[in-house]
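# Residue-level structure breakdown
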Amino acid sequence: MNPYSEDELIEQPAISLLAEMGWETLNCYNEFDRSDSPLGRQTKSEVVLTSRLQPALQRLNPTATQEAIPKAIEELTRSRSLMSDVEANREIYTLLKDGGRDG
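Before going into details, it helps to say that this report is about the structure given with it. Everything numeric here is computed off the predicted structure, so don't read it as measured data. (Residues numbered from 1 in each chain as written. Predicted model: local features only at pLDDT ≥ 70, side-chain atom pairs only at ≥ 80, totals over all residues. Heavy atoms only, no water.)

## Section: the overall build of the protein chain
Heads up, the condition is: Helical segments are the DSSP runs of H or I of at least four residues, strand segments are the runs of E of at least two, and each set is numbered from the N terminus. Relative accessible area decides the class of each residue, using a 1.4 Å probe on protein chains only: under 20% of the type maximum gives buried, over 50% gives exposed, and in between gives partly exposed. The contact criterion used throughout is that any non-hydrogen atoms of two residues lie within 4.5 Å. Accessible surface is estimated by sampling points in the Shrake-Rupley manner with a 1.4 Å probe; for residues, cover comes only from the protein chains shown. The charge count includes Lys and Arg as positive and Asp and Glu as negative, but it does not include His or the ends of the chains. A charge is said to be at NZ when it belongs to Lys, at CZ for Arg, at CG for Asp and at CD for Glu.
A count of helical and extended segments in the protein chain gives four helices and zero strands. The N-to-C order of helical and strand elements in the protein chain reads α-α-α-α. With the C-alpha coordinates aligned to their principal axes, the bounding extent of the protein chain is approximately 50 × 35 × 30 Å. Taking all 103 residues of the protein chain together, the buried fraction comes to 15%. For the protein chain, the share of sequence-separated contacts (at least 6 apart) that also reach a separation of at least 24 residues comes to 8%. Carbon together with sulfur atoms contributes 53% to the accessible area of the protein chain, which is approximately 8,800 Å² in total. Looking at charge distribution, the protein chain has the averaged site of its 11 positive side-chain charges lying 6 Å from that of its 18 negative ones.

## A closer look at the environment of Cys 28
Of note, Cys 28 is situated in the loop between helix H1 (6-20) and helix H2 (50-60). Expressed as a C-alpha distance, the spacing of Cys 28 and Pro 38, which sit ten residues apart in the sequence, is 7.6 Å. In this structure, Cys 28 is in contact with Pro 38 and Leu 39, ignoring residues within four places of it in sequence.

Right, dumping it as structure tokens:
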């Protein structure tokens, strides 16, 4: 391996730090070499792990209605491809932090 690669300089130290903090880490570089993804994704383009997001939203929002969780997932995962990266990140941050209310 190249000691000056992005993997060695950035990715591996970040993965180690997250593991030290108690995060579960998986190497899914060859995720689709087997029949099923270990992450539960259907395609490589599916970036939000909804199978993990839904139970997390339910756990973090125990008083949410049954309709609220799918609506939240829909809002979080809708396309923001016409927005700048900064605008899209700001919108997602606001949704996660304040439930979509600005300021």
